[in-house]
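Reading the structure
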Amino acid sequence: MAAAGELTLLEKWLVLQGGHKYSVQGKQQVPVLQTNNGLSLTGLTTIAAHLVKQANKEYLLGYTTEEKAIVQQWLEYRVTRVDGPCGKEEVRTLLKNLNSYLEGKVYLTGYNFTLADVLLYYGLHYFIVDLTVQEKEKYLNMSCWFCHIQHYPGIRQHLSHVIFIKNRLYANAH
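An account of the accompanying structure is given in this report. (Residues numbered from 1 in each chain as written. Predicted model: local features only at pLDDT ≥ 70, side-chain atom pairs only at ≥ 80, totals over all residues. Heavy atoms only, no water.)

On to the side chain of E67. For E67, the location among the structural elements is in helix α3 (residues 65-82). Buried charge E67 goes without a salt bridge, the closest partner of opposite sign being K68 at 8.5 Å. Within the structure, the side chain of E67 is placed 2.7 Å from the backbone nitrogen of Y63, a separation counted as a polar contact. For E67, the residues in contact, after removing those within four places along its chain, are L61, G62, T109 and N112. (Helix = DSSP H or I, 4+ residues; strand = E, 2+ residues; numbered from the N terminus. Buried < 20%, exposed > 50% of the residue type's maximum accessible area, 1.4 Å probe, protein only. Lys, Arg positive; Asp, Glu negative; His and termini not counted. Salt bridge = Lys/Arg side-chain N within 4 Å of Asp/Glu carboxyl O. Polar contact = N/O pair within 3.5 Å; in protein donor to acceptor, adjacent residues only side chain to side chain. Contact = heavy atoms within 4.5 Å.)

This is the structure:
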């Protein structure tokens, strides 16, 4: 999904009025937001953080200094790794790394839902929707996280629902 589309989803989820208009620049289709006071904001994470602050939901950027740093880390990961050129092998590596990281965690920062969870969910949806049941089971921690995020109120919106099997079908999927 294009970043401008994701920002529109984020805007709806944050219940922001006004319906911002996004343009894109460059070959990589980097989103640009023209603010009401004439300034231009460029980049998915910059605009997303601006929208979160505009909605007075700054807790989505993290509570503690450490949590804020983790959110920034995952937002950067989203733009540099998930949005980069991804072949089948790169996607497997991405999912494997995310699966390892999420072991023992509910959300990317541990136990608090943040903007990083939202944007990583939007960025990964395109890849996850095409995984087989066996592939989803191979990345069990990531699949649990993804399923949890897609059921978070208002997040999924028009994106297709990804089915996850509750009972394991493949004994040695790990």
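The next point concerns the sheet that holds strand β2 (residues 30-34). Picture the strands of a sheet paired through backbone hydrogen bonds; they go either parallel or antiparallel. Strand order in the open sheet formed by three strands is β1-β2-β3, with antiparallel pairing between adjacent strands. With partners counted over all chains shown, the strands left at the sheet margins are β1 (22-25) and β3 (40-42), one partner each. Ignoring strand direction, the axes of neighbouring strands in this sheet form an average angle of 30 degrees. In the sheet, β2 pairs with β3 via three bridges, with the strands oriented antiparallel. Opposite L33, over in β3, you have L41 as the bridge partner. Sitting on the sheet, helix α2 (residues 44-54) touches β1, β2 and β3, and the angle it makes with β2 is about 40 degrees. (Pairing = 2+ DSSP bridges. Axes fitted to C-alpha atoms, helices over the stretch in contact; angles between N-to-C directions.)

Glancing now at the packing of aromatic side chains. Applying the stated criterion across every chain, the model contains twelve aromatic pairs. Site record: aromatic cluster; members linked through ring pairs are Y121, Y122, W145, F146 and F164. Its guanidinium or amino end placed over the ring of Y101, K105 lies 4.3 Å from that ring's centre, counting from NZ or CZ. The lysine or arginine in question, K136, covers the ring of F164, its NZ or CZ lying 5.1 Å from the ring centre. (Phe/Tyr/Trp six-rings, centres within 6.5 Å; stacked < 30°, edge-to-face > 60°. Lys NZ or Arg CZ within 6 Å of the ring centre and 35° of its normal.)

Attention now moves to helix α4 (residues 88-101). The terminal C-alpha atoms of α4 lie 20 Å apart, and with 14 residues this matches the ideal 20 Å at 1.5 Å per residue to within 8%. Of all the positions in α4, only V91, L94, L95, L98 and N99 are classed as buried. Projection of α4 onto a plane perpendicular to its axis shows the buried side chains occupying an angular sector of 130 degrees, all on one side. (Expected span 1.5 Å × (residues − 1). Arc of directions from axis to C-beta.)

Here we come to the pattern of salt bridges. Throughout the structure, instances matching the rule amount to three salt bridges. D83 is the salt-bridge partner of R78, the closest N and O atoms lying 2.9 Å from each other. R92 is the partner of E89 in a salt bridge, and the nearest nitrogen-oxygen pair spans 2.8 Å. Of this pair, E89 and R92 both sit in helix α4, separated by three residues, roughly a single helical turn. The partly exposed category is assigned to E89, whose relative accessible area is 49%. Here R92 falls in the partly exposed class, since its relative accessible area comes to 33%.

Okay, the packing of helix α5 (residues 115-128) against helix α7 (residues 140-150) next. Their axes nearest at 10 Å, the elements α5 and α7 cross at an angle of 110 degrees. Our classification of the angle between α5 and α7 gives roughly perpendicular. As α5 packs across α7, the resulting crossing turns out to be left-handed. Contacts from D117, L120, Y121, L124, H125 and I128 of α5 reach α7 at M142, W145, F146, I149 and Q150. Among the residues making up the contact of α5 with α7, the classes are represented as eight nonpolar, two polar and one charged. (Parallel < 35°, antiparallel > 145°, perpendicular 65-115°, else oblique. Left-handed = near helix turned anticlockwise from the far one by under 90°. Nonpolar A, V, L, I, M, F, W, Y, C, P; charged D, E, K, R; others polar.)

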